Structures are given as structure tokens and as C-alpha cells.
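Chain by chain, the residues:
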Amino acid sequence: MAELDRVILWGCAGHAKVLAEIISLRGGKVVALFDNAEVESVLHDIPVYKGEAGFRQWIYSQEVLHGVMGLAAIGGARGRDRLGIHALFRNYGIEIPVLAHPSAVISDSAKVGCGTQILALANVAADTTIGEACILNHRASVDHECVIGNGVHLAPGSTLCGCVRLGDNVFVGAGAIILPRLSIGEDAIVGAGAVVTRDVPAGVVVSGNPARPMRKNVRA
Ligand SMILES: CC(=O)SCCNC(=O)CCNC(=O)[C@H](O)C(C)(C)COP(=O)(O)OP(=O)(O)OC[C@H]1O[C@@H](n2cnc3c(N)ncnc32)[C@H](O)[C@@H]1OP(=O)(O)O
């Protein structure tokens, strides 16, 4: 696990509070927050800066940037936004760590991309590959040999059975179950509580048990 002495978070809402707790449990500290909107800080005593101008202002006020770690604290079906924040961080040499809650169970054989956040009680089984900027929310379960793209969000309590494949920026709603060996195309959304029994094409929103298409994902 990377040194987390100086962590910055982009996104100043509930997810930032969750990440800040994990960072603290890991012995680290959030030193600045950034948000596109003019918002109050959600973390006591931690300043919030607005947009890229505020980000640059903070960057140029630092004597050294070495050791600063950055994470995108943006939940929901917003994987593209998280990846965009990563690109901005990289432009300034900010490192992007993997962050895992101490109670998460992660197989030694799993590969996890940078900036991916694995929250309390989540489970990542053997030979799983997880991309960059993903969120595995509380109690999400990723079983053996799953392959997950970049910018994916698995909402609380969702379950991927073995050998499931998720494209980039897929969002799986709370408590949804995806049966073994299925593929979910990029930018698809699986509704809360759905049971997915067939492959889902890219950019489609499905819900229900068994899951059926509802509409197109307009953000795709
Ligand atoms: C820590 C965190 O909170 S992480 C975030 C976790 N969040 C989630 O899991 C939310 C996941 N999102 C959903 O399930 C959403 O409801 C979606 C994406 C499936 C659909 O959203 P929308 O397209 O906005 O659907 P909308 O709310 O307009 O509902 C349309 C219809 O579908 C139904 N519906 C909505 N969601 C679901 C669902 N998950 N399962 C079954 N039916 C649903 C509604 O009841 C409504 O039915 P009606 O037309 O008969 O009244």
C-alpha cells in the first residue's frame, strides 16, 4: 500500500468522506479537496478549492509535490469523470494509488489498476483483473477470474459470479447479481437488485429479475 501522508481528493461529497476514513485507517491524511462546484468542505478543517484554477493554485502553493497522492472521489455512473481526473493528476506528476479498506479481502493473484477503491467488506477473488479508477463499494463481491475494465462502479452489495467480464465505465447497481461467464458491454448500467442472466450490450440500461433492457444510457 502506498504512503498516504498527503492525499488530495477531487470530489467533495459523501464519497470523499468514505475515502477519507479509509485513508485515516491506513495512517494517512487528506490535505486538500477539489470540486467543480463552489461547495462547503465535507471534511473538518480541510480546505476545498474550485475547479482546475483552484487546483493549479494549490499545486503552485506547494513547495514539493513529491509524495502527493490523488484520488477521484466521484461515485455513481461517472467512470469517465474519474478517468479524466486521473489524466489531470498525471499532468502534474501526482501519483494515483490503489486504496483498499483494511476489511476488504483481495486475492494475492488479483491485479488492480491505479486509483481503484475497494471499500469495506468487499471481496476480490483469485485471478481477477480490475482496471483503473474503479469503485468496489461496500460488500461488493467479485468472484474468480472476472475481468473488469476501467471506470467501473460496483455499488454496495453487488455480486459478480465467476468469469464475468465488464467493459469500461459499467455501473452495477446496489445488490445486483451477474451470473457466471456473462459479459456486460461498456457504458451499460445494471439497475439495483437486477439479476442478469444474459449478456448485456454496450450502452444499455437493464433492470429486474431476470434483467431486461429499459433504455439506452444517455451518458454513453
Ligand atoms: C453508496 C451508493 O449509494 S452507490 C449508488 C447505488 N445506487 C444504485 O444502485 C442505483 C441504481 N440505479 C437504478 O437502479 C435506477 O433506478 C436505474 C438506473 C435502473 C433506472 O433509472 P431511471 O432510468 O432514472 O428509472 P426511473 O427512476 O425513471 O424508473 C423508470 C421505471 O423503472 C422502475 N425501476 C427503476 N429502477 C428499477 C430497478 N432497479 N429495478 C426495477 N425497476 C426499476 C421504476 O419503478 C419505474 O417504473 P414505472 O415506470 O412503472 O413507474
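Right, let's walk through the structure included here. (Residues numbered from 1 in each chain as written. Predicted model: local features only at pLDDT ≥ 70, side-chain atom pairs only at ≥ 80, totals over all residues. Heavy atoms only, no water.)

Of the regular secondary structure elements, the protein holds 3 helices and 23 strands. Here the C-alpha radius of gyration of the protein, 17 Å, is about what a compact globule of 220 residues would show, namely 17 Å. For the protein, the C-alpha atoms occupy an extent of roughly 55 × 35 × 30 Å along the three principal directions. In the protein, buried positions account for 50% of the 220 residues. In the protein, the share of contacts with a sequence separation of at least 24, taken over all contacts with a separation of at least 6, comes to 29%. In the form shown here, the protein has an accessible surface area of approximately 9,900 Å², with 51% of it arising from carbon and sulfur atoms. Each charge class in the protein was averaged separately, 19 positive and 20 negative side chains, and the resulting centres sit 8 Å apart. (Helix = DSSP H or I, 4+ residues; strand = E, 2+ residues; numbered from the N terminus. Rg over C-alpha atoms; globule rule 2.2 N^0.38 Å. Buried < 20%, exposed > 50% of the residue type's maximum accessible area, 1.4 Å probe, protein only. Contact = heavy atoms within 4.5 Å. Areas by Shrake-Rupley, 256 points an atom, 1.4 Å probe, with all protein chains shown as cover. Lys, Arg positive; Asp, Glu negative; His and termini not counted. Charge placed at Lys NZ, Arg CZ, Asp CG, Glu CD.)

What follows is about helix 3 (residues 79–91). For helix 3, spanning 13 residues, the distance from its first C-alpha to its last is 19 Å, which sits close to the expected 18 Å at 1.5 Å a residue. Within the sequence span of helix 3, burial applies to Gly79, Arg82, Ile85, His86, Leu88 and Phe89. Contact partners of the buried residues in helix 3: strand 1 (6–10), helix 2 (51–61), strand 4 (68–72), strand 11 (135–136) and strand 14 (153–154). Downstream of helix 3 by one or two residues, glycine 93 has phi in the positive range, about 75°. (Expected span 1.5 Å × (residues − 1).)

On to the pairing of strand 4, then. Strand 4 sits mainly inside the fold: 5 of its 5 residues count as buried. Because side chains alternate across strand 4, one face comprises the buried residues Val68, Gly70 and Ala72, and the other comprises Met69 and Leu71, equally buried.

Looking now at the site of the ligand. Taken together, Asn137, Ala155, Pro156, Phe171, Gly173, Ala174, Ile189, Gly191, Ala192, Ser207, Met214 and Arg215 make up the full set of residues adjacent to the ligand. Between the ligand and alanine 174 there is a distance of 2.7 Å, counted from an oxygen atom to a backbone nitrogen or oxygen. Between an oxygen atom of the ligand and a main-chain N or O atom of alanine 192, the distance comes to 2.9 Å. Look at the ligand: alone it shows 980 Å² of surface, and the protein chains cover 39% of it. (Near = heavy atom within 4 Å. Polar contact = N/O pair within 3.5 Å; in protein donor to acceptor, adjacent residues only side chain to side chain.)

For the rest of this paragraph, the subject is the environment of histidine 66. Following the sequence through the fold, histidine 66 ends up in the loop between helix 2 and strand 4. The exposure class assigned to histidine 66 is exposed, which follows from its relative accessible area of 71%. When the C-alpha atoms of histidine 66 and glutamine 117 are compared, they prove to be 22 Å apart, with 51 residues separating the residues in sequence.

According to the stated counting rule, one finds 7 aromatic pairs in the structure shown. Seen from their ring centres, tryptophan 10 and phenylalanine 34 are 5.7 Å apart, and the 25° between their planes marks the pair as stacked. With tryptophan 10 in strand 1 and phenylalanine 34 in strand 2 (residues 30–35), the pair connects residues that are 24 residues apart, well separated along the chain. A centroid spacing of 5.2 Å and a plane angle of 80° characterise the contact between phenylalanine 34 and phenylalanine 55, whose relative ring orientation is edge-to-face. Residue phenylalanine 34 is found in strand 2, and its partner phenylalanine 55 is found in helix 2; the two are separated by 21 residues along the sequence. Here the two residues phenylalanine 34 and phenylalanine 55 agree in accessibility, since each one is buried. Among the aromatic residues, those joined into a cluster by ring pairs are Trp10, Phe34, Tyr49, Phe55, Trp58, Phe89 and Tyr92. (Phe/Tyr/Trp six-rings, centres within 6.5 Å; stacked < 30°, edge-to-face > 60°.)

We now examine the side chain of histidine 15. As for its position among the elements, histidine 15 is in helix 1 (residues 14–25). A relative accessible area of 13% places histidine 15 in the buried class. Within the structure, histidine 15 has its side chain in polar contact with the side chain of glutamine 117 (distance 2.8 Å). Among residues more than four places away in sequence, those in contact with histidine 15 are Ala72, Ala73, Ile74, Gly75, Gln117, Leu119 and Ile135.

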